[in-house]
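Descriptive analysis of the structure
The residues making up each chain are set out below.
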Amino acid sequence: MKKIVAMVTMLFLCTLLSGCACKHTFESVVVRNASCAECGIIRYTCTKCNAQYDDYVPQSGDHKYSAKEILSATCSTQGFKIYKCSTCGKTYSEKTPTNASHTYVVDSIKEATCTTSGTKSYKCTGCNAKKTETIPATGHVFSDATCTAPKTCKNCGKTEGNALGHITGGNTCPRCGASLFNKQSVINTIRAHYANGVNELSNSANYYKKAWDTSGITSDNYVREARDAMARASTHFQNAANTCGNYPEFASVKSELWSIIQVANDTVGKAGDPSSSQAFFAINSGLNNISPRLTNITNMINGLR
Ligand SMILES: [Zn+2]
Ligand SMILES: [Zn+2]
Ligand SMILES: [Zn+2]
Ligand SMILES: [Zn+2]
Ligand SMILES: [Zn+2]
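Just so it is clear, the model here is predicted, and its values are computed rather than measured. (Residues numbered from 1 in each chain as written. Chains lettered and ligands numbered in written order. Predicted model: local features only at pLDDT ≥ 70, side-chain atom pairs only at ≥ 80, totals over all residues.)

Let's shift gears to the pairing of strand β7 (residues 104-110). Little of β7 sits out of view: just zero of its seven residues are buried. Pairing geometry for β7 and strand β8 (residues 118-124), over six bridges, is antiparallel. Within the sheet, the bridge partner assigned to Ile109 lies in β8 and is Lys120. (Buried ≥ 20, exposed ≤ 12 C-beta atoms within 10 Å, placed from the backbone. Helix = DSSP H or I, 4+ residues; strand = E, 2+ residues; numbered from the N terminus. Pairing = 2+ DSSP bridges.)

A word on the sheet that holds strand β9 (residues 130-135). Spatially, the three strands line up as an open sheet ordered β7-β8-β9, and their pairing is antiparallel. In this open sheet, the two edge strands, each paired with only one partner strand, are β7 and β9. On average, each strand axis in the sheet is inclined to that of its neighbour by 25°, with strand direction left out of account. The sheet contact formed by β8 and β9 spans six bridges and is antiparallel. Of the residues in β9, the one forming a bridge with Lys120 is Glu133. (Axes fitted to C-alpha atoms, helices over the stretch in contact; angles between N-to-C directions.)

Taken across its six residues, β9 has zero buried, putting it largely on the surface. Taking the residues between adjacent antiparallel strands as the criterion, β8 and β9 are bridged by five residues, where Asn128 takes a positive phi near 65°.

Here is the structure:
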């Protein structure tokens with residue numbers, strides 16, 4: 001519209017003042033681009049007579065705003081933002097609404113135990129509002145009972161029931177591998193058996209001697225006692241050897257005891273002779289035979305102590 005008005009005005013003036021009858025040939029130049037705040041200007045100039053007119057491009061009104069947060073909103077207070085047009089510098093501000101929810105962070109923790117619940121406390125960074133959550137009790141976490149310990153809670157140490165005890169019968173417990181071998185008790189047992197064996201052998205010799213002394217020939221009671229004592233001696237040595245069992249440590253003791261059992265059995269055989277005097281001498285000879293072995297065994301057992 002402006003363009004037309006300007007053109008008509010120019011033509012009118014031209015005709016009136018100079019009577020020029022130029023057939024204009026206009027060329028345009030952009031004097032100013034339109035922006036959000038100012039209109040644009042395009043200038044037309046006739047290449048023949050320099051007649052001019054301007055054309056105007058309306059301002060866009062499209063500001064290029066970018067926002068800057070001055071204050072961020074919280075759960076209890078509004079925020080504040082300023083917007084500024086990067087082209088013309090026009091500004092306006094705006095309040096931002098409060099947050100709908102609190103911004104909680106963990107404030108403190110009380111851990112739960114096996115039997116009591118714990119708590120987790122939170123605090124709002126915006127308004128200090130607080131809330132707590134319950135941490136449920138964990139319950140006991142029991143390990144299985146073992147030979148030496150009952151069921152035990154891994155966390156608090158509480159026990160339940162009793163230890164299982166070792167599976168006995170062998171040198172070691174098949175469940176836990178513990179050594180069940182009580183060396184001193186084995187030694188004491190062997191020592192007691194062989195000491196009794198020696199006594200019974202001596203008793204046997206004495207009974208045969210009494211049998212001979214009493215009757216001049218034989219006495220059935222003393223002979224029976226003597227034979228019984230011989231049997232008991234043999235049993236004691238046998239038991240001493242059995243006590244050694246399969247313990248490698250007692251292998252040498254056991255082999256000596258087997259030798260004594262052999263000697264004792266031979267002596268019993270000889271002592272079975274009806275002549276009490278011969279039996280007495282046979283046993284004494286057997287005792288003489290056994291004697292160095294007993295010394296040997298004594299030394300070995302003392303060495304094991
Ligand atoms: Zn012209
Ligand atoms: Zn602007
Ligand atoms: Zn809050
Ligand atoms: Zn527990
Ligand atoms: Zn065990």
